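One letter stands for each residue in the lines below.
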Amino acid sequence: MSDVHSEGHSSEAVAERLAKYVVDALPIPMFAIDDEHRVVFWNTSCERITGIPGKFMLRKAGAWSAFYPSRRPVMADLVLTGCRSEDLERYYAGKYRPSALVDGGWECEDFFPQLPAGGKWLAFTAAPLRDGEGHIIGAVETFRDITAQREAEQAVRDGAVLLSEIVQGCPVPMFVIDAEHRVTHWNRACESVAGVSSEQMIGSRQHWWPFYPEPRPVMADLVLDAAIGEVEKLYAGKYQPSPLIAGAWEAKDHFPQFPGGGRWLYFTAAPLHGADGGVIGAVETLQDISEQKRYEIQLEDQARQDLLTGLANRRVLEERLKQALAQAARDERVVAVAFIDLDHFKPINDEMGHAAGDALLRELATRLTSMVREVDTVARVGGDEFVVVLSAPESAEAVESVIRRIIDAVGRPVAIAGREVQVGCSVGIALYPDHGTDQAGLLRDADTAMYIAKAAGRNGYHIHSQSADVPPLPDHPPAP
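Residues numbered from 1 in each chain as written. Predicted model: local features only at pLDDT ≥ 70, side-chain atom pairs only at ≥ 80, totals over all residues. Heavy atoms only, no water.

**Overview of the packing of aromatic side chains**
(1) Moving on: Tallied over the entire structure, the rule returns 23 aromatic pairs.
(2) Moving on: Judged by centre distance (5.6 Å) and plane angle (65°), the rings of Phe-112 and Phe-124 are edge-to-face. Of the two residues, Phe-112 is situated in strand β4 (residues 106-112) and Phe-124 in strand β5 (residues 120-130); the sequence distance between them amounts to twelve residues. In this structure, Phe-112 and Phe-124 share a single accessibility class: buried.
(3) Moving on: Through successive ring pairs, a cluster of aromatic residues spans Phe-31, Trp-42, Phe-67, Tyr-68, Tyr-92, Phe-112, Phe-124 and Phe-143.
(4) Moving on: The aromatic ring of Tyr-212 is capped on one face by Arg-216, whose charged end is 3.8 Å from the ring centroid. (Phe/Tyr/Trp six-rings, centres within 6.5 Å; stacked < 30°, edge-to-face > 60°. Helix = DSSP H or I, 4+ residues; strand = E, 2+ residues; numbered from the N terminus. Buried < 20%, exposed > 50% of the residue type's maximum accessible area, 1.4 Å probe, protein only. Lys NZ or Arg CZ within 6 Å of the ring centre and 35° of its normal.)

**So, the environment of Ile-33**
(1) Moving on: Mapping Ile-33 onto the fold places it in strand β1 (residues 30-34).
(2) Moving on: With 27 residues separating them along the chain, Ile-33 and Lys-60 place their C-alpha atoms 9.1 Å apart.

**A word on the sheet that holds strand β11 (residues 263-273)**
(1) Moving on: Overall, antiparallel pairing links the six strands, which are arranged β8-β7-β12-β11-β10-β9 in an open sheet. Looking at the sheet topology across the chains shown, the edges are occupied by β8 (183-186) and β9 (239-241). With direction set aside, neighbouring strand axes in the sheet form an average angle of 20°.
(2) Moving on: Where β11 and strand β12 (residues 279-288) come together, nine bridges link them in antiparallel fashion. From the neighbouring strand, Phe-267 faces β12, where its bridge partner is Leu-286. (Pairing = 2+ DSSP bridges. Axes fitted to C-alpha atoms, helices over the stretch in contact; angles between N-to-C directions.)

**Focus on unusual backbone geometry**
(1) Moving on: Look at the link from Tyr-432 to Pro-433: it is a cis peptide, with omega at 5°.
(2) Moving on: Mapped onto the fold, Pro-433 is located in the loop between β18 (424-432) and α16 (439-455).
(3) Moving on: With a phi close to 55°, Glu-332 is a non-glycine residue in the positive phi region.
(4) Moving on: Positionally, Glu-332 belongs in the loop between α12 (314-331) and β13 (335-343).
(5) Moving on: Exposure remark for Glu-332: the relative accessible area of 74% places this residue in the exposed category.
(6) Moving on: In the Ramachandran plot, Asn-459 falls in the positive-phi region, its phi being about 50° despite a non-glycine side chain.
(7) Moving on: With respect to the helices, strands and loops of the structure, Asn-459 is situated in the loop between α16 and β19 (461-463).

This is the structure:
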């Protein structure tokens, strides 16, 4: 205080001196100019932020030199002259606004590249200084270094742009929803699979409609809401928890309304967590597995078909015979099992080769199929052996009529490699429930009856119950 009193003992002088100390000690960078635009205060904090000591600024009308490379007014200069709108627009277009706290003051944010450390972002406020009668006698300008804040905001923006670019550039179809179930990302790969543009989806809660014909949650919605019960309900038998991501689920399903006649998709939905660990959204990735599914179906068909003739194989025969017997038991109907073995097929194979034999088998398979109904089954169970299952025929006489037509059809000549060839067939028949009730027994009885028919002269049929009326089976089955 001795320095203060050395300047004089008036209370006004003491107050003025104290005010200078206070201004200089403030942690807020600030300077003041008088009505001649000369710097009268330039506090220590202002020195630090600008890198210019106050002794180079005081009593000069050059506050601009600390902030700009060439002469121009600072905000305090504009406040001092009344802040004309044309001046504000010229120097701070799009950056300024009236101060919410100081009457006649203005606020702004701007970047100053010539400040230390490669430049700084400053938030600054300029306000007029008035005397006791309200006349403007100067202006004060304060600053706040917002460089770190702006860099953080820019980092967030850059991160958002980077995330968007990553999502958009990712070859995996995906979309993202926020905590309100609004779509925030819908990448180009997703556009290609779903046939819906990102412009149609961003900001929408209608992301169900590319996938389903009516409103319902998609997997991402259920993951976001942790609605495990709904997952089980809507994707029963199709879903499983992700082995890689906690809280995520994956599923396979067919989406018939997709472009091109529908698609099979493998999809995974996972929650997105914020910095505090809370769920703030969900991401769903899609994989078109239509080709894989078609291949699986093809393999399944091959596993169920005779590769040469396209007829049912033994596995399918057993399944369909089991179904036919169950249906017959419920309806008290008949099932006929006919075991067919070609006569004189081996000589054709030996003389003309296997290609000719295969062509003959394919033609005979077509003829057999044409002799029965869609509800019946024709299967190839061996080289030249076939089984026909007739479901619920009207009577034994109807069965015999079908078998006679089959024998006639098989016996018609076939053109193979420029030659006409002809074979016959021997047929054994077993009936449910007269001759048995299980599929293995019926197939065995039909096979036995076939050998009896072949022993009786070939090109005929034999019903299992008539076995006693024909010659006994030979020690060795007759040659084909």
